[in-house]
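# Per-entry structural report
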Amino acid sequence: MEEKIIYMKNEADTVSFGIELAKNAAPGTVIALTGDLGAGKTTLTKSIAKGLEIDDIITSPTFNIVKEYDTGRLPLYHFDVYRVGDVDEMYEIGCEEYFYGEGVCVVEWADLIEEIMPEDTLWINIEYGEKEGERIYKCTF
Ligand SMILES: Nc1ncnc2c1ncn2[C@@H]1O[C@H](COP(=O)(O)OP(=O)(O)OP(=O)(O)O)[C@@H](O)[C@H]1O
Ligand SMILES: [Mg+2]
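Now for a look at the structure at hand.

## Observations regarding the overall build of the protein chain
When you go through the protein chain residue by residue, the secondary structure sums to 4 helices and 7 strands. Counting from the amino terminus, the protein chain carries its helices and strands in the arrangement β-α-β-α-β-β-α-α-β-β-β. For the protein chain, the C-alpha radius of gyration of 14 Å lies close to 14 Å, the compact-globule estimate for 141 residues. For the protein chain, the C-alpha atoms occupy an extent of roughly 40 × 30 × 30 Å along the three principal directions. When each of the 141 residues of the protein chain is scored for burial, the buried share is 32%. Expressed as a percentage of contacts within the protein chain between residues at least 6 apart in sequence, the contacts between residues at least 24 apart total 67%.

See below:
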């Protein structure tokens, strides 16, 4: 495991980064996104979807925990676990089928369910930078 720090100057940088990440994604890739409210987890997820050539509009899955998109190069399973009370809820929705399946999983707020995240998860922690639009990514790949 290696920690890499990547600076985003603006939202366009986030979009490029997400597209590139998606191009390198393979079946079973799990990407965990952490960081404060409004840090840009959903924005990055949308860019990943774009990189997977998914045309659907990506909306936050907060109330249903996971949303599936099947029209791209690989299936995308977009989780937002902010409102998950405990990991049993994750097992109830069949999270293992997603995590160890053939698609790409993106999990917003994955730190809340860290104990059940796969070993080879790609972790990205997003922090605000000094200026508006700046973000600092700490990536553990
Ligand atoms: N470099 C950037 N990367 C991502 N988003 C940015 C950036 N600069 C500005 N933004 C803005 O910050 C906001 C990020 O909101 P977003 O919904 O993606 O955050 P989030 O981390 O998913 O929040 P939540 O915790 O509520 O799910 C958007 O309004 C977006 O336009
Ligand atoms: Mg979000």
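## Regarding the site of ligand 1
If you check the shell around ligand 1, you find 16 residues, and the closest are Thr14, Gly40, Lys41, Thr42 and Thr43. Listed by contribution, the elements that provide at least two residues to the shell around ligand 1 are α1 (11-23) and α2 (41-51). Among the residues making up the shell around ligand 1, the classes are represented as 3 nonpolar, 8 polar and 5 charged.

## Points about the nonpolar core
Ranked by internal contacts, the top residues of the largest apolar core, which has 30 residues, are Ala32, Leu33, Cys105, Val106 and Val107. Going through the elements one at a time, α1, β2 (30-34), α2, β4 (76-80), α4 (95-99), β5 (104-108) and β6 (122-128) are the ones with two or more residues in this core. Residue contacts for Leu33: discarding those within four places in its chain leaves Lys41, Leu44, Val106, Val107, Glu108, Ala110, Ile124 and Ile126.

## A few points about the sheet that holds β6
Read from one edge of the open sheet, 7 strands run β1-β7-β6-β2-β5-β4-β3, paired in mixed fashion. Each edge of the sheet is formed by a strand with only one pairing partner; in this case those strands are β1 (3-8) and β3 (66-69). Mean inter-strand twist for the sheet, computed between neighbouring axes without regard to direction, equals 20°. Pairing of β2 with β6, which is carried by 4 bridges, proceeds in the parallel orientation. Within β6, the position partnered with Leu33 by the bridge is Ile124. Across the face of the sheet, α2 comes into contact with β2, β3, β4, β5 and β6 while running at roughly 170° to β5.

## Some remarks on unusual backbone geometry
Positive phi, close to 65°, is recorded for Glu53, a residue that is not glycine. Glu53 sits in the partly exposed class, given 13 other C-beta atoms within 10 Å. One non-glycine residue, Trp109, adopts positive backbone phi at about 65°.

Scoring rules and cut-offs
- Residues numbered from 1 in each chain as written.
- Chains lettered and ligands numbered in written order.
- Predicted model: local features only at pLDDT ≥ 70, side-chain atom pairs only at ≥ 80, totals over all residues.
- Helix = DSSP H or I, 4+ residues; strand = E, 2+ residues; numbered from the N terminus.
- Rg over C-alpha atoms; globule rule 2.2 N^0.38 Å.
- Buried ≥ 20, exposed ≤ 12 C-beta atoms within 10 Å, placed from the backbone.
- Contact = placed C-beta atoms within 7 Å.
- Near = placed C-beta within 6 Å.
- Nonpolar A, V, L, I, M, F, W, Y, C, P; charged D, E, K, R; others polar.
- Core = buried A, V, L, I, M, F, W, Y, C linked by C-beta atoms within 7 Å.
- Pairing = 2+ DSSP bridges.
- Axes fitted to C-alpha atoms, helices over the stretch in contact; angles between N-to-C directions.

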